[in-house]
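Descriptive analysis of the structure
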4 protein chains.
Amino acid sequence: MGNTFGNTLHLTIFGESHGTAIGCVIDGLPAGIAIDWDKVSFEMRRRAPGSSPLATPRKEKDEFEILSGYFDGHTEGDSLAMQIRNGDQHSKDYSRLKDAMRPGHADYTGHVKYDGYNDYRGGGHFSGRITAPLTFAGAIAKQILAKEGIVIGAHALSVAGIMDFPFDPLGEEPDLFEKLSSMRLPVIDGEQGAAMEEAILAAQKEGDSVGGQIECMALGLPVGMGEPFFDSLESEMAHMAFSIPAVKSISFGDGETLAGMRGSEANDPMRYENGKVKTITNHNGGVLGGISNGNPLRFTVTIKPTASIGKRQETVDISKKEDTMLSIGGRHDPCIVTRAIPVVENAAAFVLLDLLLTGRRYHYGR
Amino acid sequence: MGNTFGNTLHLTIFGESHGTAIGCVIDGLPAGIAIDWDKVSFEMRRRAPGSSPLATPRKEKDEFEILSGYFDGHTEGDSLAMQIRNGDQHSKDYSRLKDAMRPGHADYTGHVKYDGYNDYRGGGHFSGRITAPLTFAGAIAKQILAKEGIVIGAHALSVAGIMDFPFDPLGEEPDLFEKLSSMRLPVIDGEQGAAMEEAILAAQKEGDSVGGQIECMALGLPVGMGEPFFDSLESEMAHMAFSIPAVKSISFGDGETLAGMRGSEANDPMRYENGKVKTITNHNGGVLGGISNGNPLRFTVTIKPTASIGKRQETVDISKKEDTMLSIGGRHDPCIVTRAIPVVENAAAFVLLDLLLTGRRYHYGR
Amino acid sequence: MGNTFGNTLHLTIFGESHGTAIGCVIDGLPAGIAIDWDKVSFEMRRRAPGSSPLATPRKEKDEFEILSGYFDGHTEGDSLAMQIRNGDQHSKDYSRLKDAMRPGHADYTGHVKYDGYNDYRGGGHFSGRITAPLTFAGAIAKQILAKEGIVIGAHALSVAGIMDFPFDPLGEEPDLFEKLSSMRLPVIDGEQGAAMEEAILAAQKEGDSVGGQIECMALGLPVGMGEPFFDSLESEMAHMAFSIPAVKSISFGDGETLAGMRGSEANDPMRYENGKVKTITNHNGGVLGGISNGNPLRFTVTIKPTASIGKRQETVDISKKEDTMLSIGGRHDPCIVTRAIPVVENAAAFVLLDLLLTGRRYHYGR
Amino acid sequence: MGNTFGNTLHLTIFGESHGTAIGCVIDGLPAGIAIDWDKVSFEMRRRAPGSSPLATPRKEKDEFEILSGYFDGHTEGDSLAMQIRNGDQHSKDYSRLKDAMRPGHADYTGHVKYDGYNDYRGGGHFSGRITAPLTFAGAIAKQILAKEGIVIGAHALSVAGIMDFPFDPLGEEPDLFEKLSSMRLPVIDGEQGAAMEEAILAAQKEGDSVGGQIECMALGLPVGMGEPFFDSLESEMAHMAFSIPAVKSISFGDGETLAGMRGSEANDPMRYENGKVKTITNHNGGVLGGISNGNPLRFTVTIKPTASIGKRQETVDISKKEDTMLSIGGRHDPCIVTRAIPVVENAAAFVLLDLLLTGRRYHYGR
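Keep in mind that this is a model prediction, so the values were computed, not measured.

1. Details of the interface of chain B and chain A
Accessible area lost upon the coming together of the parts serves often as the stated size of an interface. Across the boundary between the two partners, chain B contributes 108 residues, which contact 108 residues of chain A. Regarding the contact of chain B and chain A, the summed buried area is about 8700 Å², with carbon and sulfur atoms giving 58% of it. Seen at the junction of chain B and chain A, the total is 8 salt bridges. Its salt-bridge partner being Asp208(B), residue Arg262(A) comes within 3.6 Å of it at the nearest N-O pair.

2. What about the relation of the copies chain B and chain A?
Its rotation angle being 180°, the transformation that places chain B on chain A also includes 0.0 Å of axial translation and leaves an RMSD of 0.0 Å. Such a combination of rotation and displacement between the chain copies is what one expects of a two-fold axis. Here 100% of the contact residues of chain B are again contact residues in chain A; the copies associate through an equivalent surface.

3. A look at the interface of chain B and chain C
In this complex, chain B contributes 42 residues to the contact, which on the side of chain C involves 42 residues. Carbon and sulfur atoms make up 55% of the area that chain B and chain C hide from each other, which totals about 3200 Å². Note that Arg85(B) and Glu65(C) form a salt bridge whose closest N and O atoms lie 2.6 Å from each other. When its residues are assigned to classes, the side of chain B that touches chain C shows 13 nonpolar, 21 polar and 8 charged.

4. Side note on the sheet that holds strand β1 (residues 4-5) of chain C
All names here are of chain C. Sheet architecture is open: 5 strands sit in the order β1-β2-β3-β7-β4, paired in antiparallel fashion. Pairing within the sheet leaves two strands with one partner each, and these edge strands are β1 and β4 (64-68). Of the strand pairs in this sheet, β4 and strand β7 (residues 80-85) are connected by 4 bridges, and their pairing is antiparallel. Across the sheet, the residue bridging to Ser-68 is Ala-81, located in β7. Strands in contact with helix α1 (residues 37-47) are β4 and β7; relative to β4, the strand with the most contacts, it is inclined by about 130°. Sheet contacts for helix α3 (residues 131-147): β2 (10-14), β3 (21-27), β4 and β7; angle to β3, the most-contacted strand, approximately 35°.

5. So, the pairing of strand β12 (residues 270-273) of chain A
Regular strands place their side chains on alternate faces of the sheet. All names here are of chain A. Residues Met-270 and Tyr-272 point to one face of β12 and are all buried, whereas Arg-271 and Glu-273, pointing to the other face, are not buried. Relative to strand β13 (residues 276-279), β12 runs antiparallel, the two being bridged by 4 bridges. What sits directly across from Met-270, in β13, is Thr-279. Where β12 folds back on β13, the antiparallel hairpin that results is connected by 2 residues, among which Asn-274 adopts a positive phi of roughly 55°.

6. Remarks on the packing of aromatic side chains
Each aromatic ring pair is specified by the distance between its two centres and by the angle formed by the two planes. According to the stated counting rule, one finds 40 aromatic pairs over all chains in the structure shown. Note on Phe5(A) and Phe230(B): the rings are 5.5 Å apart at their centroids and 40° apart in plane angle, and the pair reads as tilted. Here Phe5(A) is found in strand β1 (residues 4-5), whereas its partner Phe230(B) is found in the loop between β10 (212-219) and α6 (233-241) on a different chain. The two residues Phe5(A) and Phe230(B) agree in class, both being buried. Aromatic side chains Trp37(D) and Tyr70(D) sit 5.1 Å apart centroid to centroid with 80° between the ring planes, which places their arrangement in the edge-to-face category.

7. Considerations on the relation of the copies chain B and chain C
With an RMSD of 0.0 Å, chain B superimposes on chain C once it is rotated by 180° and translated 0.0 Å along the axis. Of the residues that chain B buries at the interface, 100% are likewise interface residues in chain C, meaning the two copies contact each other through the same surface.

8. Focus on the UniProt feature "binding site: NADP(+)" (unreviewed entry) in chain A
Per the UniProt record, "binding site: NADP(+)" (unreviewed entry) is annotated on Arg47(A). For Arg47(A), the location among the structural elements is in helix α1 (residues 37-47).

9. Quick word on α6(B)
Counting buried positions along α6(B) gives 9 out of 9 residues, so the element sits mostly inside the fold. The set of residues buried in α6(B) consists of Leu233(B), Glu234(B), Ser235(B), Glu236(B), Met237(B), Ala238(B), His239(B), Met240(B) and Ala241(B).

10. Regarding the UniProt feature "binding site: FMN" (unreviewed entry) in chain A
Residues and elements named next belong to chain A. Within this structure's numbering, the places UniProt gives as "binding site: FMN" (unreviewed entry) are His-125, Phe-126, Ser-127, Gly-289, Lys-304, Pro-305, Thr-306, Ala-307, Ser-308 and Arg-331. Locating Gly-289 in the fold gives a position in the loop between β14 (287-288) and β15 (291-292). Residue classification places Gly-289 among the partly exposed positions, given a relative accessible area of 38%.

11. Things to note about the environment of Phe5(D)
Residue class for Phe5(D) comes out buried when judged on its relative accessible area of 4%. For Phe5(D), the contacting residues outside a window of four places in its chain are Phe230(C), His10(D), Leu11(D), Glu236(D), His239(D), Met240(D), Phe350(D) and Val351(D).

Cut-offs applied
Residues numbered from 1 in each chain as written. Chains lettered and ligands numbered in written order. Predicted model: local features only at pLDDT ≥ 70, side-chain atom pairs only at ≥ 80, totals over all residues. Heavy atoms only, no water. Contact = heavy atoms within 4.5 Å. Buried area = accessible area lost by both parts, 1.4 Å probe. Salt bridge = Lys/Arg side-chain N within 4 Å of Asp/Glu carboxyl O. Least-squares fit on C-alpha atoms with pLDDT ≥ 70 in both. Nonpolar A, V, L, I, M, F, W, Y, C, P; charged D, E, K, R; others polar. Pairing = 2+ DSSP bridges. Helix = DSSP H or I, 4+ residues; strand = E, 2+ residues; numbered from the N terminus. Axes fitted to C-alpha atoms, helices over the stretch in contact; angles between N-to-C directions. Buried < 20%, exposed > 50% of the residue type's maximum accessible area, 1.4 Å probe, protein only. Phe/Tyr/Trp six-rings, centres within 6.5 Å; stacked < 30°, edge-to-face > 60°. UniProt positions renumbered as here; feature names shortened; annotations may be inferred.

Structure, rendered in structure tokens:
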């Protein structure tokens, strides 16, 4: 269980990084949608390693093949299935890992949960590679949302403690999102971006890794998205975010800083502008009572530093049942923030489209 | 939609704060469980206003009535339903609020989503009162988990920027959790607690409010809870947490500080102790790859300052469609951290029991 | 588990016939619907024993109380909860049944499944009384469908082998459905109805019972309801039908007689009439490929004879673990077809409304 | 929506008969199961056309490829995905069908539901071919059940009105099921089987088709499978059965004949045999109150005659919006009962395994 997400759209993911293929099935896409597959490929390339000197030189081929659900240039309305064949796996890199549990990874927990039957190679089903089909599904959602006037963007709010400018809580120009999506390391402030790159390379040299934060924003949301009590916009978005490996926190609006504010500071006053209700500030990040209020949706996730590092670490050998030391060879990302940004962005798009479609049933009789 | 949570246990919540009754239906509790209703009442009293000088003097009666599912001192195995009759509602306190939208609340979003048909009194279905049945369900789960050796506790990590000692990431004595659950304002450091109380009263005098953070810990979890890719332990916990009004962030383990760490610092090394795998540190908060690793589960949520404050605020009157000013009279909590603590704790218990029961299907054939 | 039904609407049922209350929670009703509660009561009275000389004289009070989700004359959009307090239970009638398992009932299966913790009185959660909240939910759906031009009716196709006229497969006047709903024993041919009544009373005199068939028809369905591959119109309707106690078969259109037909006979030819596609016959009962085709939906269920009979039966005493004989005293329906008709009809309405709302998401972008 | 089935196991199906591939994803299989793929292939070959002179000579290749979830000879515990590449499609056979709606098929309903975007070739997603992945998933379940002592079999109860001997309601030897599974036309009475074959060929010569009934039985079920009120054994089985194209009715135990019985005849008396509770008869088909009672589960489905026939039929051309006549060329099954038998059998196995795993959560604390 656990491999399906969504209320109206249903996304089912399958695959292990060193198995035959990874992929997904999306059920619930309305019929008649023309998908721009180039745009989908673009989003997936943003995610793939080997597309940036900052990331790992391992080449993952993310060429996807549509198996069903798309005919004659349009979605058919039944389940859309996709596979990506696995290649360039270098199984020999992982042979040691059958018994030595990598700290910070799911090796040990997966071993116990699945009684040792899980595919340990490359993390198996826990691999970051599984975010490829997630990005695929989100990229489709992103296009559909765009036609509704909803756009999403993300950037590295911080890497290794180095801060970028945050998004303006009251919104940005969609141009900025486009620009960011084309950058190797999406940042608003180029100088900070350069400093981040140096920090990443420095860590890599030392056989270590760094973490960071991703800030994500969605513009153009209608008022009313989200289904309280459970299934609110924040609940659904958080549920999806924590599916992404390495995410360890999520906060909406001003997040943790709200803890130190007064109510008079944190509340967003409202006024009419051109006949529409606007808020003067956006401390709440576009969500109130779990429902979108028309403001930009704004949230931030923490990406922990990559667990696979070259440095020697204390760990256990579960075959010999004794302590051991482990150096993880091979090629690993010293920082997965850059790769995680398109994943977070597109995954968020999937959540928003699901909520948008779910909400349409309320238009009965009106 | 949106009023049901869970994979094996299903919790359905109903009610508006000024409607006839609030309550819930829990489906999936195994048959044959003897529930200590006094303990359930205890957890609910922790939550109720009027049980502490720090909280609002409004008296909510939280006496629950079991409608089904419990017979002859044991759960029957079918759905357990409960209601709490609403009382002490002072509808007149809320008459102004039909048209004037309270900043920071779901008045406006709910009004749009439900076309104005939502019960605006006291926040209707968005009221914090809806956390009563949630606490009830969680309190039942808490007892069942305790028999499995799993205990949960929580405290105010901070209020108004004043910090308490954090929990020891590697665990605490269950005694501490019991002690905290009996405190009006659960803190480890009494002096900080006193300072917090002063800050709350100061805000109240000014017709304002403060926020804070809640840290929650669960001990004794087996290895393997959580269902990747989606439905991981973090996803499910976060999904539940954001159902609780006023929660604006959640972080696991070291949370946001992981963003500034190196991998060599953030990874938790492993070793054998008495034949069991232990980690030397617990930066990851007890979860790896979305699955529990046997360590204490540790997470923190941010509670924003209470939106209902006495101070005048700019807002809109949606009936006249013009800007207006609003002072919210009546009696409101200047800080809902204290009330939210038992909610977070018991809601977390519900999530953990659901995951525990869900995981049992893996024991097929072994 | 198992107490919730639906894709967009979610119906959760609770209660045992001798517990405190029975009821339901309906989540997903759009906001702004004005419900005619008199019509709901009417449907429930059709179902209640004591409303007909043909049924049991036991008086069940089915007065329902709305607990949430309805405010100021309209649905609010959040969960609508309802309870019916149990009364007139005569617990003493059932004391013998703790140990003696009634043949044809769920006494034994429930005892094993729930380890003896189930409420055995009156069948507990397995009682036909649990169909009251189901009828309630369906009655609400029935009204909403009527505003969409969808009407539903049902009659006793047969009782004790005595056949009524069937519905015209190509449709009936809605008047007929109204007329049937007001009859004690809904039949098209009054003479056959009288014969049925005699057969029922005859069986009652002998301490025995009879079964029958219910034919149900829905008019005005749009083309396209149902979600293949799973969740088709037939799958959802059948799923619901078998939730109703005593139902042992369901067939659509010509049902079992299709087994002996040629394709040339069974296919429904199509033609245009006034610009709309019509079929010339309706052997398929209004469903093709699991999707409604615009024809009247037509299905039949078999109701087995009431299991509770006065005649002595061989059974087992699970306390003494030995064979025993059992005569069930008390007052029982000699034929539950009459009571099941409004249940089947209203339950079918619930399914249709759920499918109607589910299908609305396909109108994205058109 | 609608492409996923199950409570603990989740089966998601994808594919159109003339698309790139068909397949499925099964989530929830416990880890550590060794699957005999030869047995799975065997079940699928039973279903495939071209494997019997009684069926169509079209050759469908049903060679499946496992994409994920199986490693080193065992299930891993994550989602098991599979694809079957489509081939031998003869698209030219179907060109006429874009506009001419085949009576008895989902051409018209699918066209309306999906606004004409559905793949009309070969029935697209409505094709009987989609039963291949269903059979695959069920075949896996069948093996797992066998290890639990649960066996399933099916035969043609009737074809073209010619009746086979029914199964003995109190059970059969598992040998019989094995024998039936190896027969081209599974029947108990060989002479009746020969008569059936003649009737099928006779219909084929006339460009027509015949229907029939399939009786299915499961032995060795434990007491207690099924989740009332909804999700009972009958509800789940019926839900699955109606997913299979051409199924138009399902009945349990004595089915429709129960309508004409007295309660004293229909009830199954109970007695102890060797310390176990047995029933003396099995009119109820192994299910009481929606829960298995330890008896053989026995149900029958009606398969309507194949809708695709050579004879000319009246229908409509939805492009020209006028009436037209249609002869369906190509090669079509004159009777799909033989092909449907392994589908029904294996689909039933999937349902039973899902219910078995679902029920295991009740063993908490005992």
